[in-house]
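# Understanding the architecture of this molecule
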Amino acid sequence: CVTVLPIYQSCKNQDEAVQAWYLSLTINIVPDDGDGRMVWILVFTILLYIYIMRRLWFEWEVFIKLRHSFLANGDTSFHKSPTYLRTYRNTVMVERVPLTHRSDRNLKDVFESLFPGQIDHAEMLIDTSTLEDLLTKRQKLIEKYDTLSARYRYEEWRYQTWDQKGKLVGPCSNSVSKPVEPKVWSGGLCSGSRKLEDAFAYYNKKINEMDILADKEYANIVEKRRKCHDESLLQLSEDVEEEVDRPAQLYSLFVRNTIRQLVFGEESPFFYGTGIVEFKSIASKQSAVQCNLSGQPYWMITNDAPDPRDLFWSNIGVDRNTVENRKIIVQCVLLLGILGWGTIVSYIQKTVKEVKFDGIASGGFIENYLPALV
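These remarks concern the structure in this document.

Basis of the calculations
- Within any chain, residue numbers begin from 1 and follow the written order of that chain's sequence.
- Predicted model: local features are reported for residues with pLDDT of at least 70 only, side-chain atom pairs are reported and counted for 80 or more only, and whole-chain, interface and lining totals are derived from all residues.
- With hydrogens and water stripped out, all remaining heavy atoms of the structure feed into the side-chain values.
- For our purposes a nonpolar core is just a set of buried Ala, Val, Leu, Ile, Met, Phe, Trp, Tyr and Cys residues, chained together by side-chain atoms within 4.5 Å.
- Classification of residues uses two cut-offs on accessible area relative to the type maximum, computed with a 1.4 Å probe and protein chains only: under 20% is buried, over 50% is exposed, and between them is partly exposed.
- We count a stretch as a helix when DSSP gives it H or I for four or more residues in a row; a strand needs E for two or more, and each element gets its number in order from the N terminus.
- Only heavy atoms matter for contacts: two residues are in contact if any of them lie within 4.5 Å across the pair.
- A fitted line through C-alpha atoms serves as each axis, taken over the contacting stretch for helices, and the angle formed by two N-to-C directions is quoted from 0 to 180°.
- Small angles under 35 degrees read as roughly parallel and large ones over 145 as roughly antiparallel, with 65 to 115 read as roughly perpendicular and the rest as oblique.
- By convention, the crossing between two helices is left-handed when the near helix turns anticlockwise from the far helix through less than a right angle, and right-handed when the turn is clockwise.
- For this scheme, ten residues count as nonpolar: Ala, Val, Leu, Ile, Met, Phe, Trp, Tyr, Cys and Pro. Four count as charged, namely Asp, Glu, Lys and Arg, and the remainder, Gly too, count as polar.
- Under the pairing criterion, centres of Phe, Tyr and Trp rings, with the six-membered ring standing for Trp, must be within 6.5 Å; the plane angle then separates stacked pairs below 30 degrees from edge-to-face pairs above 60, leaving the rest tilted.

### Remarks on the nonpolar core
By size, the foremost hydrophobic cluster in this structure holds 22 residues, and its most contacted members are Val 94, Leu 107, Phe 111, Phe 115, Val 277, Phe 279 and Met 300. Listed by contribution, the elements that provide at least two residues to this core are β1 (91–95), α4 (104–114), β2 (119–126), α6 (199–227) and β5 (271–279). The element contributing the most residues to this core is β2, with 4 residues. Apart from residues lying up to four places away in sequence, Met 300 is in contact with Val 94, Glu 95, Arg 96, Val 97, Pro 98, His 101, Leu 107, Val 110, Phe 111 and Leu 293.

### Looking at unusual backbone geometry
Although it is not a glycine, Arg 96 sits at a positive phi angle of roughly 60°. Of note, Arg 96 is situated in the loop between β1 and α4. Overall, the relative accessible area of 24% leaves Arg 96 in the partly exposed class.

### Examining the packing of helix α5 (residues 129–165) against α6
Closest axis-to-axis distance for the α5/α6 pair is 9 Å, and the angle between their directions is 160°. Taken together, the axes of α5 and α6 lie roughly antiparallel to each other. Crossing hand, α5 versus α6: left-handed. Across the contact of α5 with α6, the residue classes break down as 17 nonpolar, 3 polar and 6 charged.

### Considering the packing of aromatic side chains
The tally for this structure, following the rule as stated, stands at 7 aromatic pairs. Pairing Trp 60 with Phe 63 gives two aromatic rings, centres 6.0 Å apart and planes at 40°, and the pair type is tilted. With Trp 60 and Phe 63 both in helix α2 (residues 38–73) and 3 residues apart, the pair spans about one turn of that helix. Take Phe 63: its relative accessible area is 43%, and that puts it in the partly exposed class. Note on Phe 115 and Phe 279: the rings are 5.4 Å apart at their centroids and 90° apart in plane angle, and the pair reads as edge-to-face. Of the two residues, Phe 115 sits in the loop between α4 and β2 while Phe 279 sits in strand β5, which places them 164 residues apart along the sequence. No difference in accessibility class separates Phe 115 from Phe 279, as the two residues are buried. Through a chain of ring-to-ring contacts, three or more aromatic side chains come together here, namely Phe 111, Phe 115 and Phe 279.

### Overview of the environment of Gln 160
Residue placement: Gln 160 occurs in helix α5. Looking at Gln 160, the relative accessible area reads 45%, which means it is partly exposed. Residues Gln 160 and Lys 178, 18 residues apart in the sequence, show an inter-C-alpha distance of 8.5 Å.

If you want it as structure tokens, here you go:
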């Protein structure tokens, strides 16, 4: 900007069509027969590219050292334990596990029949969203308590400092009032039991309630996991036909699980359709990843187990079909948006051409720049 724009501005063009303020700062202002000052633009461009290439060379020198270190030593941020590395390298993630096989024993039996003597461990992933929500609410209550406590302690210290030192020097215009313990409204906005309570006692009570609910939910998860270790949920359920043949609803593609459970009364499944299988050798694990295990589409799909640090655990149980359908819907929405936006731009351009801006100071800007900006 410091070099190029002043050179453009200093050039003179006899064409009044490019005398508008925004065109006078571009190369359009340069006369058709050229201008000697454009040599400085060439010099500036050469120097700019030399600077960019030099900076890229510095980045390359730093990158090549890190690259050689990574190839020689691997990811330095990864866990150094040999047991952890072996478990990670020998593990696959199994998706689209049918309801009849959603237990640790059933999942292990399936892979044991395909790879005899090569299975070290198999485990189905469970839905802990309720427990995670309770812990999240508890953490928010703790943060609110800590924030109020820190603010109140600071006000107390400030008042005590002023009371001990400020009054000794005579009249003080910046007087500090004694802090009052914070209060908080309990109950909902429309609740008849809404009242003002001591904030510390209120948050302590709420945190204790969350602790009790979280302990109860954890105990339920452990007990249900113990019961379902050797047999699937279908063998423990009375409504087998209803669970197997329940058709997928279209709204499940758009509405989150938590909202569906609250609004439509859907029950959250204990086992996700995803499991983890650990093999005893990398060769067996690689065979499981590369082969179609059943000959059926969308059944027991195996992939390399992802790095736990890269997982977004709330999405681990989302069905693969749901993910693919959502991708299709997003692409359709983007296509419709592009077509609709193109229609809007064409309409604005047509309207701008039909309207006269001769008497308006910024008419040139509106007529030439507005369609391109949109």
